[in-house]
Each structure stands twice: as C-alpha cells, then as structure tokens.
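# Structural overview for review
Residues per chain are reported as follows:
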Amino acid sequence: VLRMLLKLTPPDARVLEIGTYFGEGSTKVFIDGLSNEASFFVMDTWSEYISTTDKMCVPNKRFYRIMDGMSYFAATNTLRVIKEAERRDDSPSITMIRRTSNDLFLADNFFDLVFIDGSHYYQDVRRDIELALRILKPGGIICGDDLEILPSTDLAAFAKQHPDEDAISGPEGDFFHPGVALAVYELLQTVEMKAGTWWKVTTK
C-alpha cells in the first residue's frame, strides 16, 4: 500500500513518518521508494509511552513493559538505518526528529504525504491526525497503520469506552486498536483501507 501511495507523490516529495520505532518497517519502504530529490522526515519520541491501564493489564503487561524498555535501542537502530541509507546515491534527504506532534512546529501545507504509526491511544492518534491535516498540501495524502476494521458509528461508540487501551477485542470478537478507529472516524469519517493500512487524499 505504501509503495502504491508513493507513486502518487512528486519526485521531490516531502514525506513525514510519525512513529518510527526501530526504523525497520515502513521507514525502509519510504527510504527505498523515495527519490534522491525527496525529503523524508522520521519522527518519534523514542521514550516510554505505554498507558497505566495497559501496564496493569495482566495478560499483556510484560509485553508492554518490554516495549517501553526498548526505546533506546529503537532510536539507535533507526540512526543506523538512516546512516546506511545516506551512503547511497539514490537516498532521499533524511531528517530524524525526536519530538511529539504536541511540541513541534511544522509549516502549514508543507508535506505531500504524512504516515501515522505512533502511539495507538486515542488522544495521541487524534493529535497526530490533526497535525497531519494542517501540514499537508492540498491534495496531499494522510495515511497510517493499525486500522483493522473500517470504523462505523457502533464501533466508534464501543471504542470510546477504551481510550487508554492499545488493542482489544471488538464487539464481534475481532482484534482492533480502539484509539485508531475512533480518531479516524471522528476526524476523517471515511478512508480507504487494506490489510490494516488506511489512507485518504485531502481536499482542502
């Protein structure tokens, strides 16, 4: 899906990835898919972010504590990925930003594509989508990961009861990320989705 979306951007595209972690997934797709005329910005806090609710959840608390403890290694590995890419003549310009979208100024109408794959908690996803809508150019692409079910009124109402949980079972027993589903539904209403990756072309 990301390779398909990149084909809709110009050779000198400006792309922002919110949520990079180890830099091994979507980060490499963007690096390999963008031309050396493009500018690629990777942004993450590389710090603890798991909610108290999830840290206390008995089935998953060990997993979430490990996730929080990996932030240093994730940041250093991302830097390694960037340095390796920069040795290539065909690499885009890459900028590494350690911030949240709460405390970083980015110019309006600046980016051609913004990919959101940071924290899955509702307030965080909502903040990231609001930022993306402001900084995207008219006709730019907002996209993200971890939308397992296309949101509906009923699903949004269910998700609203779980704003501080990363992933849960839905009303039909399907695994999904309630914060992603609710924020996408509230701010974008309808999106395209394939295998968990969602996208929409802005019209502002």
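We now turn to the structure provided with this report. (Residues numbered from 1 in each chain as written. Predicted model: local features only at pLDDT ≥ 70, side-chain atom pairs only at ≥ 80, totals over all residues. Heavy atoms only, no water.)

## Regarding the overall build of the protein
- A count of helical and extended segments in the protein gives 8 helices and 9 strands.
- Its C-alpha atoms give the protein a radius of gyration of 17 Å, near enough to 17 Å, the size a compact globule of 204 residues would have.
- With respect to the three principal axes, the spread of C-alpha positions in the protein is 50 × 40 × 30 Å.
- Put simply, the protein has 204 residues, and 47% of those count as buried.
- Excluding contacts between residues fewer than 6 apart, the proportion of contacts in the protein whose partners are at least 24 apart in sequence is 76%.
- Of the accessible surface of the protein, which amounts to about 10,400 Å², a share of 52% is contributed by carbon and sulfur atoms.
- Looking at charge distribution, the protein has the averaged site of its 22 positive side-chain charges lying 4 Å from that of its 31 negative ones. (Helix = DSSP H or I, 4+ residues; strand = E, 2+ residues; numbered from the N terminus. Rg over C-alpha atoms; globule rule 2.2 N^0.38 Å. Buried < 20%, exposed > 50% of the residue type's maximum accessible area, 1.4 Å probe, protein only. Contact = heavy atoms within 4.5 Å. Areas by Shrake-Rupley, 256 points an atom, 1.4 Å probe, with all protein chains shown as cover. Lys, Arg positive; Asp, Glu negative; His and termini not counted. Charge placed at Lys NZ, Arg CZ, Asp CG, Glu CD.)

## Considering a nonpolar patch on the surface
- Where nonpolar side chains cluster on the molecular surface, the patch consists of Val1, Met4 and Leu8 and spans about 250 Å² of accessible area.
- Exposure remark for Met4: the relative accessible area of 38% places this residue in the partly exposed category. (Patch = residues over 30% accessible without salt bridge, like charges linked within 9 Å, V, L, I, M, F, W, Y side chains within 5 Å. Salt bridge = Lys/Arg side-chain N within 4 Å of Asp/Glu carboxyl O.)

## Topic: the sheet that holds strand E4 (residues 111–116)
- Read across the sheet, 7 strands follow the order E3-E2-E1-E4-E5-E9-E8 without closing on themselves; strand pairing throughout is mixed. Each edge of the open sheet is held by one strand with a lone partner, namely strand E3 (93–98) and strand E8 (192–194). With strand direction ignored, the average angle separating the axes of adjacent strands in the sheet is 15°.
- As defined by bridge partners, strand E1 (residues 14–18) adjoins strand E2 (residues 39–44) across 5 bridges and the pair is classed as parallel. Bridge assignment links Arg14 to a residue of E2, and that residue is Ser39. (Pairing = 2+ DSSP bridges. Axes fitted to C-alpha atoms, helices over the stretch in contact; angles between N-to-C directions.)

## A word on the nonpolar core
- Formed by 31 residues in total, the largest nonpolar core has its most connected members in Leu16, Val114, Ile129 and Trp198.
- Contributing elements (two or more residues each) for this core: E1, E2, E4, helix H6 (122–135), strand E5 (136–144), helix H7 (153–159) and helix H8 (178–188).
- Residues Ala13, Leu34, Ile94 and Leu113 belong to the second largest nonpolar core, which totals 21 residues. (Core = buried A, V, L, I, M, F, W, Y, C linked by side-chain atoms within 4.5 Å.)

## Observations concerning the side chain of Asp112
- Looking at the element boundaries, Asp112 is found in strand E4.
- Of the polar contacts made by the side chain of Asp112, one reaches the side chain of Lys137; its length is 3.3 Å.
- Leave out the neighbours within four places in its chain, and Asp112 touches Thr9, Pro10, Asp12, Ala13, Arg14, Leu136, Lys137, Gly140 and Ile141. (Polar contact = N/O pair within 3.5 Å; in protein donor to acceptor, adjacent residues only side chain to side chain.)

## Comments concerning the pattern of salt bridges
- Counted by the stated rule, this structure contains 14 salt bridges.
- Notably, a salt bridge pairs Glu130 with Arg126, separated by 3.2 Å at the nearest N-O pair. On the criterion of helical spacing, the pair formed by Glu130 and Arg126 is a turn pair, its members being 4 residues apart in helix H6.
- Judged by its relative accessible area of 41%, Glu130 falls in the partly exposed class.
- The partner of Arg127 in a salt bridge is Asp128, and the shortest N-O contact between them spans 3.6 Å. With respect to class, Arg127 is no different from Asp128; both count as buried.
- Taken together, the salt bridges that share partners define one network made up of Glu24, Lys28, Arg80 and Glu84.

## Some words on the packing of aromatic side chains
- Counted by the stated rule, this structure contains 9 aromatic pairs.
- Where Phe30 meets Phe115, the ring centres are 5.6 Å apart and the plane angle is 65°; that geometry is what we call edge-to-face. Linking Phe30 in helix H2 (residues 26–33) with Phe115 in strand E4, this pair joins segments that are 85 residues apart in sequence.
- Residue classification places Phe30 among the buried positions, given a relative accessible area of 0%.
- Among the aromatic residues, those joined into a ring-pair cluster are Phe30, Phe40 and Phe115.
- Seen from the ring of Phe110, Arg14 lies directly overhead, with NZ or CZ sitting 4.0 Å from the centre. (Phe/Tyr/Trp six-rings, centres within 6.5 Å; stacked < 30°, edge-to-face > 60°. Lys NZ or Arg CZ within 6 Å of the ring centre and 35° of its normal.)

Just geometry here; none of it tells us what the structure is for.
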